[in-house]
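Fold and geometry: a report
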Amino acid sequence: MKTLLIRVKEIQGHCDIHKVGDCFRLEGGKLSLPGPNRHVCIYALASLLPLLPAKQRKIDEPDDWLPRVREVQCPDPKGRVIWEVIEEN
């Protein structure tokens with residue numbers, strides 16, 4: 001399975017929890033939260049969770065849409081956090 005880095009790329013509006021650059025890593029089924037801000041908003045996580053296990057798998061189909069998905073938006077309309085999903089290996 002691929003290791004993923006999930007990082008805040010942009011915030012449109014205001015977010016009380018995250019700032020640009022906040023990140024966490026997904027290795028296998030384990031989330032690692034590095035750095036001083038060791039929190040992940042539950043609403044943002046809910047929007048990310050359906051995608052992350054699929055992004056960890058190897059995809060052999062050349063026409064599959066999943067490798068092109070690199071960003072996920074938090075559902076909060078007042079502080080839309082744009083998360084970037086980066087494959088590390």
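Right above here is the structure, for reference.
Let me sum up the structure you'll find in this document. Here the structure is a predicted model, which means the values were calculated and not measured.

In terms of regular secondary structure, the protein is built from two helices and five strands. What you see in the protein, going N to C, is helices and strands ordered as β-β-β-α-α-β-β. Relative to a compact globule of 89 residues, whose C-alpha radius of gyration would be 12 Å, the protein shows 13 Å and is just as compact. Seen through its C-alpha atoms, the protein measures out along the principal axes to roughly 40 × 25 × 20 Å. Within the span of the protein, comprising 89 residues, buried residues form 33% of the whole.

What follows concerns the layout of surface pockets. One number sums up the size of the largest pocket: a volume of about 190 Å³. For the lining of the largest pocket, a count of residues per class yields seven nonpolar, three polar and two charged.

Counted according to the given criterion, the structure contains zero disulfides. C41 provides the cysteine sulfur closest to C15, a residue in no disulfide bond, and the two sulfurs are 6.3 Å apart. Classification of C15 by relative accessible area gives buried; the value is 18%. C23 forms no disulfide, and the closest cysteine sulfur to it belongs to C15, at a distance of 15 Å. Looking at C23, the relative accessible area reads 24%, which means it is partly exposed.

What follows deals with the nonpolar core. With 18 residues, the main nonpolar core has I6, F24, L48, L52, W83 and V85 as its most contacted residues. Listed by contribution, the elements that provide at least two residues to this core are β1 (4–13), β2 (23–27), α1 (42–48) and β5 (79–87). The contact partners of L48, leaving out residues within four places of it in the chain, are I6, F24, V72, W83 and V85.

Quick notes on the rules
In this numbering scheme, every chain counts its residues from 1 along its sequence in written order. The predicted nature of this model means local features are confined to residues of pLDDT at least 70 and side-chain atom pairs, given and counted, to a pLDDT of 80 or more, with totals for whole chains, interfaces and linings taken over all residues. Heavy atoms from the whole structure form the basis of all side-chain values; hydrogens and water molecules are not counted. By the criteria applied, helices consist of DSSP H or I runs no shorter than four residues and strands consist of E runs no shorter than two, each listed in order from the N terminus. In this treatment the radius of gyration is a C-alpha quantity, and the globule benchmark scales as 2.2 Å times the residue count to the 0.38 power. For every residue, the accessible area (1.4 Å probe, protein chains only) is compared with the maximum for its type, and the residue is labelled buried under 20%, exposed over 50%, or partly exposed between those bounds. Here a cavity is any set of points on a 1 Å grid over the protein atoms alone where a 1.4 Å probe fits but cannot get out, and a pocket is any open set with protein on both sides within 12 Å along at least 5 of 7 lines; a residue lines the site when it has an atom within 4 Å of a point. Grid points are joined across faces, edges and corners, and a volume is the space filled by probe spheres set on the points. In this count, Pro and Cys sit with the nonpolar residues alongside Ala, Val, Leu, Ile, Met, Phe, Trp and Tyr, while Asp, Glu, Lys and Arg are called charged and the others, Gly among them, polar. Throughout, disulfides are identified as pairs of cysteine sulfur atoms within 2.5 Å of each other. In this description, a nonpolar core means a group of buried Ala, Val, Leu, Ile, Met, Phe, Trp, Tyr and Cys residues linked to one another through side-chain atoms lying within 4.5 Å. Note on definitions: a residue-residue contact is assigned when non-hydrogen atoms from the two residues lie within 4.5 Å.

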